[in-house]
Every structure is written in structure tokens, then in C-alpha cells.
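Architecture and fold: a report
The lines below spell out each chain.
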Amino acid sequence: MPTKPKQHKHKFRFSGWSGTGAETLVRFRCCHGTSGLGWCSESVERLATPVEAAHLNQRFAKPPRDRDIHAVAREFDRKFRDYTGKIASTWKKTGYALMYAVERWAKKYPEDVRLVSCDDSYFTGSRLVLIEHRAKRSYMGTTLISIPQLSDNPCEMFLYPHSVEALGKAMRDIRRQATPLEKQEAEDVAEESRVTQSWRFSDDKKKAKK
Ligand SMILES: [Zn+2]
């Protein structure tokens, strides 16, 4: 259990604010002990000075009625998942029916929903769905859903920014390694076609011997 640190002189740091204009309050919290157990966390607040209030209200004021950061993902859940009476949700549709419905729905959100074609384990055309958790001034991460056409139920996971970054890096590395191989393969195919294009087939055994 964390314990209060021993006698110390509080080290207050800015920790938040509330209110607007002349009513703006600034809050400070003691950061003593934050590097180990026993964070003091004593909190105090005071009215902001006019300069502080102007700064906070201009720079950090959230735009009024900014949209819920999870709005698009929540709509996806409402439309395609069924939560009634269950702890874990089930899918209202799966496979091709879900792919088709999600593709139609995604047209409403060209900047928030991305679809990537892929194959499932039966080699049938499937989709990866990427849904942004983004508001006007913030980004929390991206939901990734795979919708196989035949092989399985959809599967969903959440990528925080560091995971998005790591996935992007892995994909770029894969492409970098694949590009010379693809080039070599194209050259091999072209070479084979050059060599074999003059070859002819004949049933005539005498001619074939020549
Ligand atoms: Zn303290």
C-alpha cells in the first residue's frame, strides 16, 4: 500500500483547471513521491490571474459540442453488434452479409473508417475495418476489426497510437523486403517467356526429333 511520504515541503505543479473567464480556477498538486511509492498528491486551487485565464481559455478551451471521440465506433457497435442480455456481445451479421453492410455504412465516414481487402483462411475475399477514435483536437487510437467471409467470426481489437505506429513500421519493413523479391520474380517470368516463346508443339515424332 502506498504511504504518505514523510515531512516535506510541498512541490506544487499545475494539474488542471476549470471554469471560464474571471471564474477560471487553476489546480495544483504536490508531486512529491511520484517517482516511487507514497505520492503526496496534496491538492490546492486558486483563481487564475487574468493572463493565466486568457491563456487557458484560448489555447485549451475545447470547441463547443466537439464530437464524442468514440462516436463512430459506438455507432458501429450499435449497428452491427447485439448486446442484449449478454456480457460479451454477439454479431448481428457475419461473413459476406456483415462485409456488405459495413461497406455501405462506411461511406458515411470517409475520413474515419477505412476498409482494406484481404483473404480469410479459405482464400475468400474478406475485409479489415479501421475505425478512428478521433475528435477535433485529440486522437486516442484506432479499432481494428477483421471480417472473414467464411472462415470465422469477426474479431476486434484496439490499437493505441504506439500500436498503430508499430503496425505501420512492420508493414513498411515487409514492403521494403518484398520489393526486390517481386522485381526478381517479374524478371524471372519475363526471362522464361523470352526463352520459351519460340517453342512449338508437334505430334509428328519425326519432326519432334529434329
Ligand atoms: Zn506534498
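Structure shown above.
As a starting point, this report considers the structure included with it. Since the structure is predicted, the reported quantities are computational estimates derived from the model, not experimental observations.

1. Digging into the side chain of E75
If you trace the backbone, E75 turns up in helix α2 (residues 71-80). Take E75: its relative accessible area is 13%, and that puts it in the buried class. Within the structure, E75 has its side chain in polar contact with the side chain of Y109 (distance 2.5 Å). Setting aside chain neighbours within four positions, we find E75 in contact with W105, K108 and Y109.

2. A short note on the coordination of the zinc ion
Only H8 (NE2), H10 (ND1), C30 (SG) and C40 (SG) from the protein coordinate the zinc ion, and they sit 2.0 to 2.3 Å from it. Considering all four donor atoms around the zinc ion, angles at the metal cover 105 to 119 degrees and the coordination shape is tetrahedral. Of note, the zinc ion draws all its donor residues from one chain, in the sequence arrangement H-x1-H-x19-C-x9-C. Look at H10 and you get partly exposed, because its relative accessible area is 34%.

3. Remarks on the environment of C40
When you line up the elements, C40 lands in the loop between β2 (25-30) and β3 (43-47). Here C40 falls in the buried class, since its relative accessible area comes to 4%.

4. Notes on the sheet that holds strand β7 (residues 125-134)
Read from one edge of the open sheet, four strands run β6-β7-β8-β9, paired in antiparallel fashion. Where the open sheet ends on each side, the last strands, each with one partner, are β6 (113-119) and β9 (155-159). If you compare each strand with its neighbour and ignore which way they point, the axes differ by 20 degrees on average. Taken together, the seven bridges between β6 and β7 define a ladder with antiparallel strand orientation. Each residue of the ladder has a partner; that of V113, found in β7, is I131. The strands touched by α2 are β6, β7, β8 (139-147) and β9; relative to β7, the strand with the most contacts, the crossing angle is about 135 degrees. In the packing of helix α3 (residues 95-106) onto the sheet, the strands contacted are β6, β7 and β8, and the crossing angle to β7 comes to about 40 degrees.

5. Let's talk about the pairing of β7
What sits between β6 and β7 in their antiparallel hairpin is a turn of five residues, with F123 showing a positive phi close to 60 degrees. Note that β7 and β8 share eight bridges and pair antiparallel. Bridging from a neighbouring strand, V129 pairs with I145 of β8. Between the antiparallel neighbours β7 and β8 lie four residues.

6. Brief notes about the environment of L150
In this structure, L150 sits in the loop between β8 and β9. As a C-alpha pair, L150 and T94 span 56 residues in sequence and 8.7 Å in three-dimensional space. If near-sequence neighbours (up to four positions away) are discounted, L150 is found in contact with D120, Y122 and T124.

7. Overview of the nonpolar core
Core analysis: the biggest nonpolar cluster contains 17 residues, and F76, F80, V102, W105, V113 and I131 have the highest contact counts within it. Listed by contribution, the elements that provide at least two residues to this core are α2, α3, β7 and β8. Considering every element that reaches this core, the biggest residue donor is α3, with six residues. Ignoring sequence-local partners within four residues, the contact set of V113 consists of V72, W105, A106, V129, L130 and I131.

8. Observations concerning the packing of aromatic side chains
Considering all chains together, one arrives at eight aromatic pairs under this definition. Measuring from centroid to centroid gives 6.3 Å for F14 and F28, while their planes differ by 80 degrees, and the two rings are edge-to-face. Remark: F28 occurs in strand β2 and F14 occurs in strand β1 (residues 12-18); sequence separation between them is 14 residues. Under the relative-accessibility criterion, F14 is labelled partly exposed at 44%. By relative accessible area, F28 is classed as buried at 18%. An aromatic cluster is present here, built from F76, F80, W91, W105 and Y109 joined pairwise through their rings. Sitting above the plane of the W91 ring, R81 keeps its charged end 4.1 Å from the centroid.

Parameters and conventions
- Residues numbered from 1 in each chain as written.
- Predicted model: local features only at pLDDT ≥ 70, side-chain atom pairs only at ≥ 80, totals over all residues.
- Heavy atoms only, no water.
- Helix = DSSP H or I, 4+ residues; strand = E, 2+ residues; numbered from the N terminus.
- Buried < 20%, exposed > 50% of the residue type's maximum accessible area, 1.4 Å probe, protein only.
- Polar contact = N/O pair within 3.5 Å; in protein donor to acceptor, adjacent residues only side chain to side chain.
- Contact = heavy atoms within 4.5 Å.
- Donors = N, O, S within 2.8 Å, 3.2 Å for Na, K, Ca; no water.
- Tetrahedral: all angles 85-135°; square planar, octahedral: opposite > 155°, others 65-115°.
- Pairing = 2+ DSSP bridges.
- Axes fitted to C-alpha atoms, helices over the stretch in contact; angles between N-to-C directions.
- Core = buried A, V, L, I, M, F, W, Y, C linked by side-chain atoms within 4.5 Å.
- Phe/Tyr/Trp six-rings, centres within 6.5 Å; stacked < 30°, edge-to-face > 60°.
- Lys NZ or Arg CZ within 6 Å of the ring centre and 35° of its normal.

In short, geometric facts, not functional conclusions.
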